[in-house]
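# Understanding the architecture of this molecule
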Amino acid sequence: MPTVQLVPTLRRRRLGEALRRYRREAGMSLDQASTAMRWDNSKLSRIENAKAHIRPAEASQLLGVYGVDAPDILAAIEGLARDAGKKGWWATYGDIAIEGYKDYLSQESDAESVRLCTPTVIPGLLQTGAYARQLIGACSFWRDQDGVNALAEIRKGRQSVLTANRAGGRPPLTFWAVIHESVLHQRFIGNPLVMREQLRHLLDMSDLSNVTIQVMPLHIPPNPGTMGIFEVIRFPSPWPTVVLTENLMGGYFVEGTEDVAIFEGAFERSVATALPVEDSRELIKTTLEKDYL
């Protein structure tokens, strides 16, 4: 029987990178670690490169070889080893979502919190179905209507992270969004009620204890929150924080302590420039009443 090549999923890559980091911190080579585990060298190399499976018990034993015994790290590594091969609910949509987007969905599913700045659109986790279809149709202009509808369904499916407990009994995602005021005044020609529904939905979502929405007013000095969409994604210990910056084709991840710290600082400055939460809610309500009621 031929050897089955495992797909290097995001979780497998994260697990492999973590195990490689702990091995190097222990000052051990692949040969030394493999000998201690009584493995062939190629097995550990494949694990670190996300091309082979490792059982939770093996992962725990390997950490013991590296001298890692912190309970939170052991639990996190064992959990990731257990879930590394699991497919997300979005797998049922096949290739309609590009690989980078699937990686993001996996990140979002595993995250503890997301902090986002968006000067141009309503955040995906706060969009109504009608708003999502309008936006996806405009930005994914090369897709047919079935593809647009499928992506809109995926976007709506993502939103369960805000309202439902997740795998392992983890609570809903903590979400903090800074939205530019100009976004509240968007108009959809031929379907003007899209924004009425969307603004009402923002007010409803702002009632959730795990959701914070701030509006950056039109008349403000220059600040990092107007430069483009970015998200600061935090995970439970020991996984490092990452940043996603978005563009027309999806976006890319920023990693590394120093680079991530720049975006964290940018988010804090954007929060300080935006209206307080209650004032933001009042502005959304006023815009709804003035323009649509």
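Please read these numbers as outputs of a predicted model, since none were measured by experiment.

### Considering the overall build of the protein chain
Across its full length, the protein chain holds 12 helices and 6 strands. Here the protein chain holds 293 residues, and 47% of them are scored as buried. Excluding contacts between residues fewer than 6 apart, the proportion of contacts in the protein chain whose partners are at least 24 apart in sequence is 72%. Looking at the protein chain as shown, the accessible area adds up to about 15100 Å², and 54% of this sits on carbon and sulfur atoms. A distance of 4 Å separates the average location of the 33 positive side-chain charges in the protein chain from that of its 35 negative side-chain charges.

### Some remarks on the packing of aromatic side chains
For the structure shown, the criterion picks out 3 aromatic pairs. Judged by centre distance (5.4 Å) and plane angle (80 degrees), the ring pair of Tyr 131 and Phe 188 falls under edge-to-face. Here Tyr 131, found in helix H7 (residues 129–139), pairs with Phe 188, found in the loop between helix H9 (181–184) and helix H10 (193–205); they are 57 residues apart in sequence, far enough to count as distant. There is no split in this pair, since Tyr 131 and Phe 188 are both buried. Geometry around Phe 235 places Arg 14 over its ring, the cationic atom sitting 4.9 Å from the centre. Sitting above the plane of the Tyr 22 ring, Arg 21 keeps its charged end 5.0 Å from the centroid.

### Points about the packing of H7 against helix H8 (residues 145–158)
Across the interface, H7 lies against H8 with an axial gap of 9 Å and an inter-helix angle of 135 degrees. The orientation of H7 relative to H8 falls into the category oblique. Crossing hand, H7 versus H8: right-handed. In this structure, H7 contributes Gly 129, Ala 132, Arg 133, Leu 135, Ile 136 and Gly 137 to the contact, and H8 contributes Val 148, Asn 149, Leu 151, Ala 152, Arg 155 and Lys 156. Of the residues belonging to the contact of H7 with H8, the class tally is 6 nonpolar, 3 polar and 3 charged.

### Remarks on the nonpolar core
Counting residues in hydrophobic clusters, the biggest one holds 74 residues, and the most contacted among them are Ile 54, Ile 77, Leu 126, Tyr 131, Leu 162 and Leu 202. Among residues more than four places away in sequence, those in contact with Leu 202 are Ile 122, Leu 126, Ile 179, Leu 184, Ile 213 and Ile 284. Counting residues in hydrophobic clusters, the runner-up holds 12 residues, among them Cys 117, Val 254, Val 271 and Ala 274.

### A closer look at empty space enclosed by the protein
Under the definition given, this model contains 1 cavity of 30 Å³ or more. Estimated volume of the largest cavity: approximately 50 Å³. Surrounding the largest cavity, Arg 12, Leu 15, Ile 47, Ala 50, Ala 52, His 53, Ile 54, Ala 81 and Ala 84 form its lining.

### With respect to helix H2 (residues 30–37)
Turning to H2, its buried residues number three or more, namely Ala 33, Ser 34 and Met 37. Seen from one end, H2 has its buried residues packed into an arc of 100 degrees, which puts them on one side. Buried residues along H2 sit in contact with helix H1 (10–25), helix H3 (41–48) and helix H4 (56–65). One or two positions beyond H2, positive phi appears at Arg 38, with a value near 60 degrees.

Scoring rules and cut-offs
Residues numbered from 1 in each chain as written. Predicted model: local features only at pLDDT ≥ 70, side-chain atom pairs only at ≥ 80, totals over all residues. Heavy atoms only, no water. Helix = DSSP H or I, 4+ residues; strand = E, 2+ residues; numbered from the N terminus. Buried < 20%, exposed > 50% of the residue type's maximum accessible area, 1.4 Å probe, protein only. Contact = heavy atoms within 4.5 Å. Areas by Shrake-Rupley, 256 points an atom, 1.4 Å probe, with all protein chains shown as cover. Lys, Arg positive; Asp, Glu negative; His and termini not counted. Charge placed at Lys NZ, Arg CZ, Asp CG, Glu CD. Phe/Tyr/Trp six-rings, centres within 6.5 Å; stacked < 30°, edge-to-face > 60°. Lys NZ or Arg CZ within 6 Å of the ring centre and 35° of its normal. Axes fitted to C-alpha atoms, helices over the stretch in contact; angles between N-to-C directions. Parallel < 35°, antiparallel > 145°, perpendicular 65-115°, else oblique. Left-handed = near helix turned anticlockwise from the far one by under 90°. Nonpolar A, V, L, I, M, F, W, Y, C, P; charged D, E, K, R; others polar. Core = buried A, V, L, I, M, F, W, Y, C linked by side-chain atoms within 4.5 Å. 1 Å grid on protein atoms, 1.4 Å probe; cavity = no way out; pocket = protein on both sides within 12 Å on 5 of 7 lines; lining within 4 Å. Points joined across faces, edges and corners; volume = space filled by probe spheres on them. Arc of directions from axis to C-beta.

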